[in-house]
Amino acid sequence: MARPKTVGLALGSGGARGWAHLGVLSVLEEMGVSPGLIAGCSMGALVGAAAAGGVRDELEDWARGLTQAKFLGMLDLRFAGGGLVAGREIASVLGQWGLECEIGALDIPFACVATNLENGREVWLDEGPLLPAVRASVSIPGLFAPQKLGGRWLVDGGLTNPVPISVARAKGAEVIIAVNPNAKPSGRVWVPEPAREGLWDRITASLPEALRPEPVSEDGPKPQGADVVAASIDMMMEYLRRTRAAADPADVTIEIDLSELSTMSFFEADAAIAAGRAAAEEARPRIEAALTAA
């Protein structure tokens, strides 16, 4: 009997869209696919760490229970720390389920990607304390404050390796399943969404009047500050992802188009998880073929 192949998961960045990874992982579990290693970037790092530590269900329950009001309670509007959101709460949520531990103590080998703010180089975090590593990987510039780790200021790994296929391959994966929750098949990056106005109204209400955005006009909602930052990062990361994937493709890539979900809509986990499940179900034949190929 042939030895089972080592399956590596490469879970990509995407802000709140990254909750889609939870839906993908649930389908893989139903298929009996057990990853031998997980490489994560940004929200892929958060979900990947939860899966590697055996607390994926707990994270999913927490994500589904996160309301707009709870999310707003996590915001730090002083901007003094280098970002709109302190970020500690989202990354450190894993600690309440016993994952305030070393990366090497996880049940499944795990690594996440961050970017060195000083020199722009990709940083692989596969040892040391887990929570600061995840916190560094999710630090979307302008939204989450940078994380200092090992004497380096680190930001989102999506700036250098949005879907870390290369990490999974280097760590020994023989079959790589990549998940991109930030797909843009429609070619659209920023989607005006009136339903988001309430969120930004509440976020900007405590800002000085001179810094508040203009009200919605007859022409419809205008891009807000964080929307502009997120859309700009999306454009750059999508180009980088396509370039890297062309040179080093995964065996199976699951593309999830959540363009209409704001990068900051962490309280809309239900929609992202459902989209992840649907995309993974569509990919079943390709996953099965990759696992059985000689």
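Note that the coordinates shown come from a computational prediction; the quantities given were computed from them, not determined experimentally.

Peer 1: Just to check I follow, could you spell out the overall build of the protein chain for this structure?
Peer 2: When you go through the protein chain residue by residue, the secondary structure sums to 10 helices and 10 strands. Considering only residue pairs separated by 6 or more positions, the protein chain has 80% of its internal contacts joining residues 24 or more positions apart. A total of about 12800 Å² of accessible surface is found on the protein chain, and carbon and sulfur atoms cover 53% of it.

Peer 1: What am I meant to see in the packing of helix H1 (residues 20-30) against helix H3 (residues 56-64) here?
Peer 2: A packed helix pair is summarised by two numbers, namely the angle formed by the two axes and the spacing between the axes. It is the contact of H1 with H3, at a shortest axis distance of 11 Å, that shows an interaxial angle of 145 degrees. Along this stretch, H1 crosses H3, giving a crossing that reads as left-handed. Mapping the contact onto sequence places Leu 22, Leu 25, Ser 26 and Glu 29 in H1 and Arg 56, Leu 59, Glu 60 and Ala 63 in H3. A class-by-class count of the residues in the contact of H1 with H3 yields four nonpolar, one polar and three charged.

Peer 1: Help me understand the pattern of salt bridges, please; the structure alone is not making it clear to me.
Peer 2: Should their charged atoms come close, side chains of opposite charge can pair. For the coordinates displayed, the defined rule picks out 11 salt bridges. Arg 56 is paired through a salt bridge with Asp 57; the nearest N and O atoms lie 3.7 Å apart. A relative accessible area of 13% means that Arg 56 is categorised as buried. Within this structure, Glu 30, Arg 277, Glu 281 and Arg 284 form a network of salt bridges that share partners.

Peer 1: Help me understand the nonpolar core, please; the structure alone is not making it clear to me.
Peer 2: As a rule of thumb, soluble globular proteins bury nonpolar side chains together. In this structure, Trp 19, Phe 110, Leu 125, Leu 130, Ile 254 and Phe 266 are the most contacted members of the largest nonpolar core, which totals 69 residues. Apart from the residues within four sequence positions on either side, Phe 110 is in contact with Ile 38, Gly 40, Ala 45, Gly 48, Ala 49, Ala 52, Ile 103, Leu 125, Asp 126 and Leu 130. One finds Val 163, Ile 165, Ala 168 and Ile 176 within the second-largest nonpolar core, a separate group that totals 13 residues.

Peer 1: Looking at this structure, I do not really get the packing of aromatic side chains. What am I missing?
Peer 2: Counted according to the given criterion, the structure contains three aromatic pairs. Seen in terms of ring centroids, Phe 71 and Phe 266 are 5.6 Å apart; in terms of plane orientation they differ by 35 degrees. Their pairing is tilted. Here Phe 71, found in helix H4 (residues 68-72), pairs with Phe 266, found in the loop between strand S10 (252-255) and helix H10 (269-292); they are 195 residues apart in sequence, far enough to count as distant. Both residues of the pair, Phe 71 and Phe 266, belong to the buried class. Taken together, the ring pairs connect Phe 71, Phe 266 and Phe 267 into an aromatic cluster.

Peer 1: Where do I start with the state of the cysteines in this structure?
Peer 2: A covalent bond bridging the sulfur atoms of two cysteines is what the word disulfide describes. Enumeration according to the criterion identifies zero disulfides in this entry. The structure places no disulfide on Cys 41, whose sulfur is separated from the nearest cysteine sulfur, that of Cys 112, by 8.6 Å. Taking relative accessible area as the criterion, Cys 41 reaches 0% and is therefore assigned buried. Here Cys 112 falls in the buried class, since its relative accessible area comes to 0%.

Peer 1: Even after reading the chapter, I still don't get H3, so can you show me in this structure?
Peer 2: Note that an α-helix has 3.6 residues per turn; residues three or four places apart therefore point the same way. Turning to H3, its buried residues are Arg 56, Leu 59, Glu 60 and Ala 63. What you see down the axis of H3 is that its buried residues fit within an arc of 100 degrees, all on one side. Where H3 is buried, its residues contact H1, helix H2 (43-52) and H10.

Peer 1: Explain the pairing of strand S9 (residues 175-180) here, please?
Peer 2: Looking down a regular strand, the side chains alternate between one sheet face and the other. The element S9 is extensively covered by neighbouring structure, given that six of its six residues are classed as buried. Residue alternation in S9 divides its side chains into two sets, Val 175, Ile 177 and Val 179 and Ile 176, Ala 178 and Asn 180, and both sets are buried. Two elements, strand S1 (residues 7-11) and S9, share five bridges in a ladder whose sense is parallel. Looking at S9, one finds that Val 7 is bridged to Val 175.

Peer 1: For this particular structure, what's the right way to read the packing of H1 against H10?
Peer 2: The N-to-C vectors of H1 and H10 enclose an angle of 40 degrees; their axes lie 7 Å apart at closest approach. When the axis of H1 is compared with that of H10, the two are oblique. Crossing of H1 over H10 shows right-handed handedness. On H10, the residues that touch Ala 20, Leu 22, Gly 23, Val 24, Ser 26, Val 27, Leu 28 and Glu 30 of H1 are Ala 272, Ile 273, Gly 276, Arg 277, Ala 280, Glu 281, Arg 284 and Ile 287. Each residue belonging to the contact of H1 with H10 can be placed in one class, and the counts come to nine nonpolar, three polar and four charged.

Peer 1: Even after reading the chapter, I still don't get H2, so can you show me in this structure?
Peer 2: The buried fraction of H2 is high, at 10 of 10 residues. Listed in full, the buried residues belonging to H2 are Met 43, Gly 44, Ala 45, Leu 46, Val 47, Gly 48, Ala 49, Ala 50, Ala 51 and Ala 52. Just downstream of H2, Gly 54 is the residue with a positive phi angle, here 80 degrees.

Conventions we followed
- All residue numbers here refer to positions counted from 1 along the written sequence of the relevant chain.
- Totals for whole chains, interfaces and linings use all residues, but because this is a predicted model, local features are given only for residues with pLDDT of at least 70 and pairs of side-chain atoms are given and counted only at 80 or more.
- Computation of side-chain values covers all heavy atoms of the structure but excludes hydrogens and water.
- Runs of H or I in DSSP of at least four residues are treated as helices and runs of E of at least two as strands, each being numbered from the N terminus.
- Any two residues having at least one pair of non-hydrogen atoms within 4.5 Å are treated as being in contact.
- Accessible surface is estimated by sampling points in the Shrake-Rupley manner with a 1.4 Å probe; for residues, cover comes only from the protein chains shown.
- In this analysis an axis means a line fitted to C-alpha atoms, helices contributing only their contacting stretch, and an angle means the value between N-to-C directions, from 0 to 180 degrees.
- Here a crossing is taken to be left-handed if its near helix is turned anticlockwise relative to the far helix by less than a right angle, and right-handed if that turn runs clockwise.
- All amino acids are sorted into three groups, where Ala, Val, Leu, Ile, Met, Phe, Trp, Tyr, Cys and Pro are nonpolar, Asp, Glu, Lys and Arg are charged, and the leftover types, Gly among them, are polar.
- Every case where a carboxyl oxygen of Asp or Glu lies within 4 Å of a side-chain nitrogen of Lys or Arg is listed as a salt bridge.
- Any residue under 20% of the maximum accessible area for its type is buried, any over 50% is exposed, and the rest in between are partly exposed; the area is computed with a 1.4 Å probe on protein chains only.
- We call a set of buried Ala, Val, Leu, Ile, Met, Phe, Trp, Tyr and Cys residues a nonpolar core when their side-chain atoms join them within 4.5 Å.
- Aromatic contacts are taken between Phe, Tyr and Trp rings whose centres are within 6.5 Å, Trp giving its six-membered ring; a plane angle under 30 degrees counts as stacked, one over 60 as edge-to-face, and the others as tilted.
- Sulfur atoms of two cysteines make up a disulfide when they are within 2.5 Å.
- Picture the helix axis, draw a direction to every C-beta atom, and the arc is the one those directions span.
- Note on pairing: DSSP must find at least two bridges between two strands before they are called paired.
- We call two directions roughly parallel when the angle between them is under 35 degrees, roughly antiparallel when it is over 145, roughly perpendicular when it lies between 65 and 115, and oblique otherwise.

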